[in-house]
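Residues per chain are reported as follows:
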Amino acid sequence: MKLSTRDAPAYFAKPDKNSAGLLIYGADAMRVALRRQEVIRALIGPDGEDEMRLTRIPAAELRKDTALLADAVKARSFFPGLHAAFVEGAGDGLADTIASALADWSHGDAQIIVTAGSLPARSKLRGIFERHESAYATGIYDDPPSRAETEAALKAAGLTDISPDAMSSLTELSRVLDPGEFRQTLEKIALYKSGDKSPLTPDEVALSGPSSVEAGIDDVLNVVADGKTHEVGPVLRRLESQGATPVSLCIGATRHFRMLHLAAADPGGPGAGVAKLRPPVFGPRRDRVQRQATRWGMHNLERALAILLDTDLKLRSSARIPEMAVMERTLLRIAFLGRR
């Protein structure tokens with residue numbers, strides 16, 4: 001049976017324990033892995049793997065020995081409870097093997113949990129699960145999590161008393177960060193709030209949020225795009241101390257200004273262009289991108305991109321140059337350009 005993206009989150013949290021199995025597929029391996037972990041934990045409990053009620057079968061091993069899955073489905077543990085046989089990284093090449101295991105499945109056997117990458121609508125593996133009367137298939141896409149999914153993640157992390165402003169900040173983070181990083185952020189916030197009965201505030205979210213070099217690069221790019229020339233040097237010094245390289249700064253700047261150029265060049269105007277950006281931008285970041293694209297205009301953004309292209313060639317050449325100084329000069333030139 002096909003499990004819709006709307007119904008899938010509820011199923012992951014409380015899967016059908018009488019089902020034969022579940023196929024989870026999608027391009028984002030991290031999102032797929034997180035959902036797979038959730039559904040297996042819900043099926044066999046936190047001690048299931050220690051009690052030998054979970055059998056992991058990499059796709060490469062199953063291709064070598066097709067009997068592995070059938071044996072795992074029929075195997076029994078010394079401990080009571082549901083069993084699961086997990087096939088990781090499957091594809092259409094294993095469709096017949098998995099179909100055979102599903103055909104032989106009976107109540108009391110291990111549930112067959114399969115993960116895969118992107119699968120087209122005509123995928124043989126998808127068809128097997130979607131047509132099976134007691135198995136499910138669902139796709140995981142790169143759409144931002146819904147508010148209900150965010151609230152479920154917060155509850156799982158032990159965060160229940162959250163101010164409205166903090167909830168808005170967390171919702172924005174859930175849309176910007178990848179799922180694994182968002183979960184780590186929630187765990188960090190939960191640890192920070194341990195024993196504190198007061199509501200979570202936006203300042204505490206910001207304090208516990210990601211402070212990676214990538215986030216710092218975004219800071220300096222916004223400083224440049226906003227024309228704040230006096231802030232470029234100090235922010236660059238801080239980034240350099242955190243390990244940022246001139247090449248990574250140049251790549252990040254090129255990506256940012258290309259995004260602004262796409263928005264500014266849209267026939268419907270920057271607002272329409274921002275709405276079409278992929279991956280999408282949300283909340284305060286969306287407002288800032290739209291404001292920058294409007295202020296710069298398409299032609300100035302093209303000049304900025306030309307400067308960045310020339311800098312990229314210099315940084316990648318064999319010439320011995322003070323790379324960070326060259327990058328700083330480039331960012332200052334672009335910041336002054338944006339003030340015209």
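Residues numbered from 1 in each chain as written. Predicted model: local features only at pLDDT ≥ 70, side-chain atom pairs only at ≥ 80, totals over all residues. Heavy atoms only, no water.

Another aspect to go through is the overall build of the protein. When its secondary structure is counted, the protein shows 16 helices and five strands. Across its three principal axes, the protein shows a C-alpha extent of roughly 70 × 50 × 45 Å. Burial statistics for the protein: of 340 residues in total, 45% are counted as buried. By sequence separation, contacts in the protein at least 24 residues apart represent 74% of the contacts at least 6 residues apart. As presented, the protein carries roughly 18000 Å² of accessible surface, and 53% of it is formed by carbon and sulfur atoms. (Helix = DSSP H or I, 4+ residues; strand = E, 2+ residues; numbered from the N terminus. Buried < 20%, exposed > 50% of the residue type's maximum accessible area, 1.4 Å probe, protein only. Contact = heavy atoms within 4.5 Å. Areas by Shrake-Rupley, 256 points an atom, 1.4 Å probe, with all protein chains shown as cover.)

Look at helix α13 (residues 246-264) against helix α16 (residues 323-338): their axes get within 9 Å of each other, and the N-to-C directions meet at 20°. Taken together, the axes of α13 and α16 are roughly parallel relative to one another. Pair α13 / α16 crosses with left-handed handedness. Contact with α13, carried on its side by Pro246, Leu249, Cys250, Ala253 and Phe257, involves Glu323, Met324, Met327, Leu331 and Ile334 of α16 and no other residues of that element. Its residues placed into classes, the contact of α13 with α16 shows nine nonpolar, no polar and one charged. (Axes fitted to C-alpha atoms, helices over the stretch in contact; angles between N-to-C directions. Parallel < 35°, antiparallel > 145°, perpendicular 65-115°, else oblique. Left-handed = near helix turned anticlockwise from the far one by under 90°. Nonpolar A, V, L, I, M, F, W, Y, C, P; charged D, E, K, R; others polar.)

Below, the discussion takes up the environment of Ala306. The topology assignment puts Ala306 in helix α15 (residues 283-316). C-alpha separation for the pair Ala306 and Thr254, spaced 52 residues apart in sequence, amounts to 9.5 Å.

It is worth spelling out the sheet that holds strand β1 (residues 21-25) at this point. What the five strands build is an open sheet, ordered β2-β3-β4-β1-β5; its pairing is parallel. One side of each edge strand has no neighbouring strand; the edge strands of this open sheet are β2 (54-58) and β5 (135-139). Each strand of the sheet is rotated relative to its neighbour by a mean of 15°, with strand direction disregarded. Here β1 pairs with β5 via five bridges, running parallel. What sits directly across from Gly21, in β5, is Ala135. Each of β1, β2, β3 (84-90) and β4 (111-116) is contacted by helix α2 (residues 29-44), which is oriented at about 170° to β4, the strand it contacts most. Docked against the sheet, helix α6 (residues 124-131) engages β1, β3, β4 and β5, running at close to 140° with respect to β1. (Pairing = 2+ DSSP bridges.)

Together, Met52, Phe78 and Phe79 line one region of the surface with nonpolar side chains, adding up to about 400 Å² of accessible area. In this structure, Phe78 sits in the loop between α4 (67-74) and β3. (Patch = residues over 30% accessible without salt bridge, like charges linked within 9 Å, V, L, I, M, F, W, Y side chains within 5 Å. Salt bridge = Lys/Arg side-chain N within 4 Å of Asp/Glu carboxyl O.)

Within the chain, Met52 stands out as a residue other than glycine whose phi angle is a positive 60°. The class for Met52 is exposed, based on a relative accessible area of 52%.

Moving on: α4. What α4 keeps buried is the set Leu69, Ala72 and Val73. Down the axis of α4, the buried side of the element spans an arc of 100°, and every buried residue falls inside it. Looking at the packing, one finds that the buried side of α4 touches β2, α3 (59-64), β3, α5 (95-103) and β4. (Arc of directions from axis to C-beta.)

Counting across every chain of the model gives 15 salt bridges. Across the pair Lys276 and Asp266 runs a salt bridge, and its minimum N-O distance is 3.0 Å. A residue pair is termed long-range when its members are at least 10 positions apart, and Lys276 in the loop between α14 (270-275) and α15 and Asp266 in the loop between α13 and α14 qualify at 10 residues. Residue Lys276 is classed as exposed on the basis of its relative accessible area of 53%. We note a salt bridge from Asp312 to Arg316, for which the minimum N-O separation is 2.8 Å. You can see Asp312 and its partner Arg316 sitting in helix α15, four residues apart, about one turn around the helix. Via salt bridges that share partners, Lys74, Arg76 and Asp109 belong to a single interconnected network.

Time to look at the nonpolar core. Within the largest apolar cluster, 37 residues are counted, with the highest numbers of intra-cluster contacts made by Val220, Leu249, Phe257, Trp296, Leu331 and Ile334. Secondary structure elements with two or more residues in this core: α11 (213-225), α12 (229-242), α13, α15 and α16. Of all the elements, α15 adds the most residues to this core, at nine residues. With sequence-adjacent residues up to four places away left out, Ile334 is seen in contact with Val224, Phe257, Trp296, Ala304, Ile307 and Leu308. Of all hydrophobic cores here, the second largest spans 28 residues; its members include Ala20, Tyr25, Ala59 and Ala85. (Core = buried A, V, L, I, M, F, W, Y, C linked by side-chain atoms within 4.5 Å.)

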